[in-house]
Amino acid sequence: MLSMRALECLVTIVEQGSLTKAAAALHMSQPALSHQIAAIERELGTPVVERLPRGIRPTAAGLAAVAEARVALAAAGRAVMAGRRVAAGSGGRIRIACAETMTAWVLVPVLRSWRRRFPDVELDLKEYTSADRMLDVLRGGGADIIVGPPPTLTDEHVEVLGSEEIVVVASAEHRFSRVGAVPLAELATEPLVHYNPDNGNALWVGQFAAERGVVLPQPALRTGSPRTAAQLAAAGMGVTIVPHSALTPLLGATIRSLDPPELRDVVVIVAAPHDDLLQRFVRDLKRRGLPDSRIAHPHLPGPPSGPSRAAVMPGDAYPVAAYAGCTP
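Residues numbered from 1 in each chain as written. Predicted model: local features only at pLDDT ≥ 70, side-chain atom pairs only at ≥ 80, totals over all residues. Heavy atoms only, no water.

Q: What is the right way to look at the packing of helix α2 (residues 19–26) against helix α3 (residues 30–44) in this model?
A: A pair of packed helices is captured by two measures, namely the crossing angle of their axes and the spacing between those axes. In the contact formed by α2 and α3, the axes pass within 9 Å of each other and the chain directions differ by 100°. If you check the angle between α2 and α3, you find them roughly perpendicular. Here L19, T20, A22, A23 and L26 of α2 lie close against α3, whose contacting residues are Q30, L33 and S34. Each residue belonging to the contact of α2 with α3 can be placed in one class, and the counts come to five nonpolar, three polar and no charged. (Axes fitted to C-alpha atoms, helices over the stretch in contact; angles between N-to-C directions. Helix = DSSP H or I, 4+ residues; strand = E, 2+ residues; numbered from the N terminus. Parallel < 35°, antiparallel > 145°, perpendicular 65-115°, else oblique. Contact = heavy atoms within 4.5 Å. Nonpolar A, V, L, I, M, F, W, Y, C, P; charged D, E, K, R; others polar.)

Q: Looking at this structure, how should I read the packing of aromatic side chains?
A: The geometry of an aromatic ring pair is captured by the separation of the ring centres together with the interplanar angle, meaning the angle of the planes. Enumeration according to the criterion identifies three aromatic pairs in this entry. Among the aromatic residues, ring-to-ring pairing joins W114, F118 and F281 into one connected group. Lying across the ring of W204, R264 places its NZ or CZ 5.1 Å from the centre. (Phe/Tyr/Trp six-rings, centres within 6.5 Å; stacked < 30°, edge-to-face > 60°. Lys NZ or Arg CZ within 6 Å of the ring centre and 35° of its normal.)

Q: Help me understand α2 in this model?
A: At 3.6 residues per turn, the α-helix brings residues three or four places apart onto the same side. Within the span of α2, buried status applies to L19, A22, A23 and L26. Taken down its axis, α2 places every buried residue within 100° of arc, on the same side. For α2, the exposed residues set more than 90 degrees away from the buried face come down to T20, K21 and A24. Elements that come into contact with the buried residues of α2 comprise α1 (4–16), α3, β1 (49–52) and β2 (55–58). (Buried < 20%, exposed > 50% of the residue type's maximum accessible area, 1.4 Å probe, protein only. Arc of directions from axis to C-beta.)

Q: What's the story with the environment of M28 in this structure? I'm lost.
A: Mapped onto the elements, M28 comes out in the loop between α2 and α3. Along the chain, M28 and C9 lie 19 residues apart, while their C-alpha atoms are 9.9 Å from each other. In this view, M28 contacts R5, C9, A23, L33 and Q36; residues no more than four positions away in its chain are not counted.

Q: Before we go on, may I ask you to explain unusual backbone geometry in this structure?
A: Negative phi is the rule for most residues except glycine; trans is the rule for most peptide bonds. Note the cis peptide between D259 and P260, where omega equals 5°. Along the chain, the position of P260 falls in strand β11 (residues 253–270).

Q: Would you explain helix α9 (residues 276–288) in this entry?
A: The end-to-end C-alpha separation of α9 is 18 Å, in line with the 18 Å expected for 13 residues at 1.5 Å each. For α9, the complete set of buried residues consists of L277, L278, F281, V282, D284 and L285. The buried residues of α9 occupy an angular sector of 155° when projected down its axis, which confines them to one face. The opening residue of α9, the one whose side-chain oxygen lies 2.9 Å from the backbone nitrogen of L277, is D275. Two residues or fewer past α9, G289 is found with a positive phi of approximately 70°. (Expected span 1.5 Å × (residues − 1). Polar contact = N/O pair within 3.5 Å; in protein donor to acceptor, adjacent residues only side chain to side chain.)

Q: Is there a simple way to think about the side chain of S245 in this case?
A: With respect to the helices and strands, the residue S245 is situated in the loop between β10 (240–243) and β11. In this structure S245 touches T101, M102, W105, E164 and R227, once residues within four positions along its chain are discounted.

Q: Just to check I follow, could you spell out the side chain of H194 for this structure?
A: Here H194 is to be found in strand β8 (residues 192–195). Apart from residues lying up to four places away in sequence, H194 is in contact with A202, V205, P219, L221, R222 and T223.

Q: Could you clarify how one ought to interpret the packing of α1 against α2 in this entry?
A: The geometry of α1 relative to α2 is characterised by a closest axis approach of 8 Å and an angle of 130° between their N-to-C directions. By the criterion of interaxial angle, the relationship of α1 to α2 is oblique. In the packing of α1 onto α2, the handedness of the crossing is right-handed. Together, R5, E8, C9, T12, I13 and Q16 of α1 and L19, K21, A22, A25 and L26 of α2 make up the contact between the two elements. In terms of residue class, the contact of α1 with α2 is built from six nonpolar, two polar and three charged. (Left-handed = near helix turned anticlockwise from the far one by under 90°.)

Q: Just checking my understanding: could you explain the pattern of salt bridges for this structure?
A: Opposite charge on two side chains permits pairing when their charged atoms draw close. In the structure shown here, the tally under the stated rule is 16 salt bridges. For E100, the salt bridge is made with R227, and the minimal N-O distance between the two is 3.5 Å. One end of the pair, E100, is in the loop between β3 (93–99) and α5 (103–117); the other, R227, is in helix α8 (residues 226–234), with 127 residues separating them in the sequence. Taken as a pair, E100 and R227 share a single burial class, namely buried. A salt bridge links E262 to R212; its shortest N-O distance comes to 3.5 Å. Of this pair, E262 sits in strand β11 while R212 is found in the loop between α7 (200–211) and β9 (219–223), placing the two residues 50 residues apart along the sequence. Relative accessible area serves as the criterion here: at 17%, E262 is assigned to the buried category. (Salt bridge = Lys/Arg side-chain N within 4 Å of Asp/Glu carboxyl O.)

Shown next as structure tokens:
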């Protein structure tokens, strides 16, 4: 296989019409240039230049090779420029896999900022309901970055953006409206709005209850979306457990912390941690942080993150932050 340097030498010799002039233009010795031409001729099995008393003349094979060499060199130049543009944030593509409750909650401000600052970077977004499924997509080459709760197991590079509270949602008239927080065992006798088995929250809720020795009831109904689960519970169809990111404004809902409160990490997993473009995107996500991600609660460490403000829902003893559409 001919090197790009060899092709550059061939093109320059033909353009200059002289080994001496070509060697000077390429900043190399004449013997070194002759060595490159000899390597080309061995590869092609035929001479590419004819040496004359004054200069050189390309053979027919040499002219054909020069035409294709110019195409290859131009393509190589474009490849270098494309790589530099991506490294500078002025080109490239980022394929994002995101938990469906976190697109508006976490990603929108950063996506909007990137669209304005880096208009030539293509941003592809796909939403999922399972962190394990997102990890499979990443490992299969279908995504460059994951944003969501931690998968069950991974040895990939993981960075934590923050944590969100896991909360209980019920109707405004529910008995939970009269307490400040809900022990998990209290759900054992309630109709449960649960998740479809292929939703990652189904596995998480089941493991969470099992680790605490609580047997949850058979689901009153199942859904594939935490947002829908919260809406169904608010409408009186049962009670449910949802991540804080699923709390779109729920008029007339009771939203309570678990007792004790439960926080779950929100993470970023990157396929190529040393990729400059992906590093820049992750830095912006970390700099942005999470919006308010928990119910105001005296037992939770630290203040809620982000600039959004809590909206008080009817039936709530504590304020609950709704989705905050923060400007970048």
